[in-house]
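Structural characterization, general
Next come the chains, spelled out residue by residue.
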Amino acid sequence: MKSDSEFSSAATVAAPGKSSGERAGWLLPVAVLIAGWALSGWIYFLLQRDNVRRQEEFFSERVAEAQAAIRVRMTAYEDALRGGTSFFAASKSIDREEWRVYAASLQLSVRYPGINGLGVIFAVPPDRIAEWQTRVRMPGELDRVVTPFPDTADRPGETKFLITYLEGNVTESLPIGRDIGTEPSRRWAAEQARDTGEPHLHFRREGSRDLQRRSGLLLYVPLYVNNAKLATVAERRAAHLGWIYAQVYPDIFLDGVLGPMGATLRLSFFEGSELSRERLLYSSIGPSPEMPAAFERVTQMRMAGQVFQLGWERGPRFPSGGRLPAVWAGGSLAVATLLLAGLVTSLQSVGRRANAIAIERTEQLAASEARMRLNAVAQFVGDQLFGP
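Now for a quick tour of the structure. (Residues numbered from 1 in each chain as written. Predicted model: local features only at pLDDT ≥ 70, side-chain atom pairs only at ≥ 80, totals over all residues. Heavy atoms only, no water.)

1. Comments concerning the sheet that holds strand E9 (residues 280-283)
Pairing between the strands of a sheet comes from backbone hydrogen bonds, and it takes one of two forms, parallel or antiparallel. Taken in spatial order, the four strands of this open sheet run E9-E8-E11-E10, and their pairing is antiparallel. Because the sheet does not close on itself, it has two edges, and the strands there are E9 and strand E10 (297-303). Put simply, the sheet's adjacent strands are angled 20 degrees from each other on average, direction ignored. Strand direction decides the pairing type here: E10 and strand E11 (residues 306-314), joined by seven bridges, are antiparallel. Within E11, the position partnered with Thr299 by the bridge is Leu310. (Pairing = 2+ DSSP bridges. Helix = DSSP H or I, 4+ residues; strand = E, 2+ residues; numbered from the N terminus. Axes fitted to C-alpha atoms, helices over the stretch in contact; angles between N-to-C directions.)

2. With respect to unusual backbone geometry
A positive phi angle is found at Gln107, which is not glycine, with a value near 50 degrees. With respect to the secondary-structure elements, Gln107 resides in the loop between helix H4 (96-105) and helix H5 (108-111). Taking the relative accessible area as the measure of exposure, Gln107 reaches 46% and is therefore partly exposed. With a phi close to 50 degrees, Ala304 is a non-glycine residue in the positive phi region. Tracing the backbone shows Ala304 in the loop between E10 and E11. (Buried < 20%, exposed > 50% of the residue type's maximum accessible area, 1.4 Å probe, protein only.)

3. Remarks on the pattern of salt bridges
All chains considered together, the criterion is met by 18 salt bridges. Note that Arg314 and Glu56 form a salt bridge whose closest N and O atoms lie 2.9 Å from each other. Linking Arg314 in strand E11 with Glu56 in helix H3 (residues 27-89), this pair joins segments that are 258 residues apart in sequence. By relative accessible area, which is 23% here, Arg314 ends up partly exposed. The partner of Glu131 in a salt bridge is Arg128, with the nearest N and O atoms 2.9 Å apart. (Salt bridge = Lys/Arg side-chain N within 4 Å of Asp/Glu carboxyl O.)

Quick look at the structure:
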């Protein structure tokens, strides 16, 4: 038979088990918290990765659109020069006044911004210089003097590439009679156009004055004898008369192409294969820009026989998208996880308190029952010993 002290010590033995249960109870809310925060981090990563992907796609689409617009405009300029060859093909002879009227009808400054002038260059053998002078002389004028290109020397005995007509946004001192064949880069581009039968842009040579000043790109379209065979290089050279040419300023040309996209994209336009300041023809952020350490994207274009490198960056108005949606989603889930872990902790705490109360009441009931039994036994023994 147990005494009251024995029952009390029995109740005390359960205390260590209760403390261990409390420690084990913290594992569930901690697990919920870790799993929820891991899920929120994963969702943030997925949303942010999707945001970066969509921005890259948008950037790529804008770059592709800008390049397509540049190509379309250059094709339109080539077609304008081809129109000049058609004008010659449809006429028995053209003088300076007729060329002036034709050039004025094109409305160069409106329809072809960037073209500084539209001209005609004839390939004139040395023995036909006098005939050429008669052709270009206007009433009351002296014979035009044939001169080499500035800062170059004459090439005696060679065919002259003489500027014959020139109209558009040009100075009053027209370079009629200038031999572009003495300047290597212009001669090379003109000969390439002649031999291929296709438009060709000139490439600024090292040491030329084109690299020391604002220089337009010179676009040449070959001019041939009507109905001549042009299947081979030899046939094209034999039928060659000259070129329709235009000076195109890249800054005006490209500003007109980019238009509203100029605030979304930044473009640096280089001739050739070098991304150097010397080869920079245009920058959308203005003259004399600081060259970036690296462009976000570099693309290559080939137009009119010439290769160009295009360095692209995001402009000040490029839609950033931001991290807010990803932060909001991940942060909301993290807060919800924290609240859920708190709820689990609270429920466990309530459960532990209820369990403790039940155990306490059970122990009290057991102790009371034990006392009652003890009293009953004592009464029974007393009755047996002393009588009722």
